[in-house]
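Each chain, written out:
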Amino acid sequence: MADIVGAGGIDGLARVTKVLTALEAERAELIQQLRSQRLASWDEIGQACGMTRQGASRRWSQEAQATSFGDAAAAYQQGRPPYPASAVDWLVPANEHGLQDFGGRAASRNRVPEAVSAAQRTRVLDLGAGTGKLSRLLVDRGFEVTAVEPLAEMREQLAASVPQAVVLDGTAEQIPVADGSFDVVVVAQAWHWFDAAKALREAARVLVPGGTLGLVWNVRDQSEPWVAELDRILHQHGPQVMDTHPDLGAPFEQAERLEVRWEHQLTRADLLAMVASRSYVITLPETERTELLNQVTELLDSHLDLRGRKHLTMPYLTHCTRARLSEAGES
Ligand SMILES: C[S@@+](CC[C@H](N)C(=O)[O-])C[C@H]1O[C@@H](n2cnc3c(N)ncnc32)[C@H](O)[C@@H]1O
């Protein structure tokens, strides 16, 4: 008992936790640098961290995280938010491609006029489409949507929830479609997983000259205290590095940005599914994942703004970037 008091009691525990969290972030950063500069193998990193090669690569490898979503496709579909209407309309402006006004008749939000032939409809490619959260919204607007996704489990969910979309197995670095075959390429919550230079070249190849590349990310708004606490729990094993304002550069014109503040209504079960579908949670070792999910449950049970509530409101900031391919096309 004397030792516990000597160690600072509950304040001491909070201090130690803070130090550990900072050290974990430092370790993740160091590993990322060692790997990106090819200064150490996963064997060596595993050894240095007192774990196996598989354990280390599963936990910290960007590639392992990028391919982890298939294990949680159902949780993904249940818990991840959609995208706000104003962001979707900004990324794929209907009138620019002639969908909305045919002979003075406006297309309704959810119904495409029968007179609109396939040739007249805007062709949109959803890259890294996952379970089709954005594809769904694009199909509802009457666009002709093709979804490219490398993971079979995600494609299955996509095909079931958005049967109107053409679904293709492929990656952003090697898109399985012809040159100049799309008016718009969109990427939702996925650009940070791509090899940006290769993906940019591929997007330029598949777009028509003057076509648009649009990127979007939903980011939880941490100005809400319980959301900040949730994010502290989620990122305790290392920060998630994600640039939501990437520079695109040639052959694209100057990028434009939009930020949308909105709220997602979800149940407690949806929130737990959202947590379980995060790549950095999926790839945690079993005991740490269970511990993290328990901490989230405890937050839901104990926080004054959350306890006893079946329905929750998650505040989001949605970050959008769009850029036109120069009229000269791919250079
Ligand atoms: C966070 S999810 C986003 C899914 C979907 N766009 C959405 O908004 O819900 C990231 C998706 O990118 C996919 N992905 C990862 N690396 C990829 C790559 N190199 N090319 C294409 N897709 C990739 C993953 O399989 C996953 O489905």
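Procedures and definitions
Residues numbered from 1 in each chain as written. Predicted model: local features only at pLDDT ≥ 70, side-chain atom pairs only at ≥ 80, totals over all residues. Heavy atoms only, no water. Helix = DSSP H or I, 4+ residues; strand = E, 2+ residues; numbered from the N terminus. Buried < 20%, exposed > 50% of the residue type's maximum accessible area, 1.4 Å probe, protein only. Contact = heavy atoms within 4.5 Å. Areas by Shrake-Rupley, 256 points an atom, 1.4 Å probe, with all protein chains shown as cover. Phe/Tyr/Trp six-rings, centres within 6.5 Å; stacked < 30°, edge-to-face > 60°. Near = heavy atom within 4 Å. Polar contact = N/O pair within 3.5 Å; in protein donor to acceptor, adjacent residues only side chain to side chain. Nonpolar A, V, L, I, M, F, W, Y, C, P; charged D, E, K, R; others polar. Axes fitted to C-alpha atoms, helices over the stretch in contact; angles between N-to-C directions. Parallel < 35°, antiparallel > 145°, perpendicular 65-115°, else oblique. Left-handed = near helix turned anticlockwise from the far one by under 90°.

- Going by the annotation in an unreviewed UniProt entry, the name recorded for the chain is Methyltransferase family protein, with Kribbella voronezhensis given as the source organism.

**Concerning the overall build of the chain**
Turning to step 1, where the next piece is worked out: Summing up its helical and strand segments, the chain has 14 helices and nine strands in all.
Turning to step 2, where the next piece is worked out: In the chain, buried positions account for 47% of the 331 residues.
Turning to step 3, where the next piece is worked out: Across the chain, every contact between residues at least 6 apart in sequence was considered, and the portion connecting residues at least 24 apart equals 75%.
Turning to step 4, where the next piece is worked out: Carbon and sulfur atoms provide 52% of the accessible area of the chain, an area that totals close to 16500 Å².

**What to know about the packing of aromatic side chains**
Turning to step 1, where the next piece is worked out: For the structure on display, the rule yields two aromatic pairs.
Turning to step 2, where the next piece is worked out: Residues W191 and F194 carry aromatic rings whose centres are separated by 5.8 Å and whose planes lie at 65 degrees to one another, so their mutual orientation is edge-to-face.
Turning to step 3, where the next piece is worked out: Ring centres of W262 and Y316 lie 5.4 Å apart, and the angle between their planes is 20 degrees; this geometry places the pair in the stacked category. One end of the pair, W262, is in strand β8 (residues 256–267); the other, Y316, is in strand β9 (residues 311–324), with 54 residues separating them in the sequence. Across the pair, Y316 and W262 agree in class, each one buried.

**Describing the site of the ligand**
Turning to step 1, where the next piece is worked out: Near the ligand, the surroundings consist of 21 residues, among which Y76, Y83, G128, E149 and A188 are the closest.
Turning to step 2, where the next piece is worked out: Here E149 contributes a side-chain N or O atom positioned 2.7 Å from an oxygen atom of the ligand.
Turning to step 3, where the next piece is worked out: The separation between a nitrogen atom of the ligand and a polar main-chain atom of A172 is 2.9 Å.
Turning to step 4, where the next piece is worked out: Protein chains bury 96% of the 590 Å² of accessible surface belonging to the ligand in isolation.
Turning to step 5, where the next piece is worked out: For the shell around the ligand, a count of residues per class yields 13 nonpolar, four polar and four charged.

**Brief notes about the packing of helix α12 (residues 268–276) against helix α14 (residues 286–302)**
Turning to step 1, where the next piece is worked out: Where α12 contacts α14, the axes come no closer than 11 Å and their chain directions differ by 150 degrees. By the angle between their directions, the pair α12 and α14 is classed as roughly antiparallel. Handedness of the crossing formed by α12 with α14: right-handed. Residues R268, L271, L272, V275 and A276 of α12 touch α14, and the partners they reach there are L292, L293, V296, T297, L300 and D301.
Turning to step 2, where the next piece is worked out: The residue makeup of the contact of α12 with α14, split by class, is eight nonpolar, one polar and two charged.

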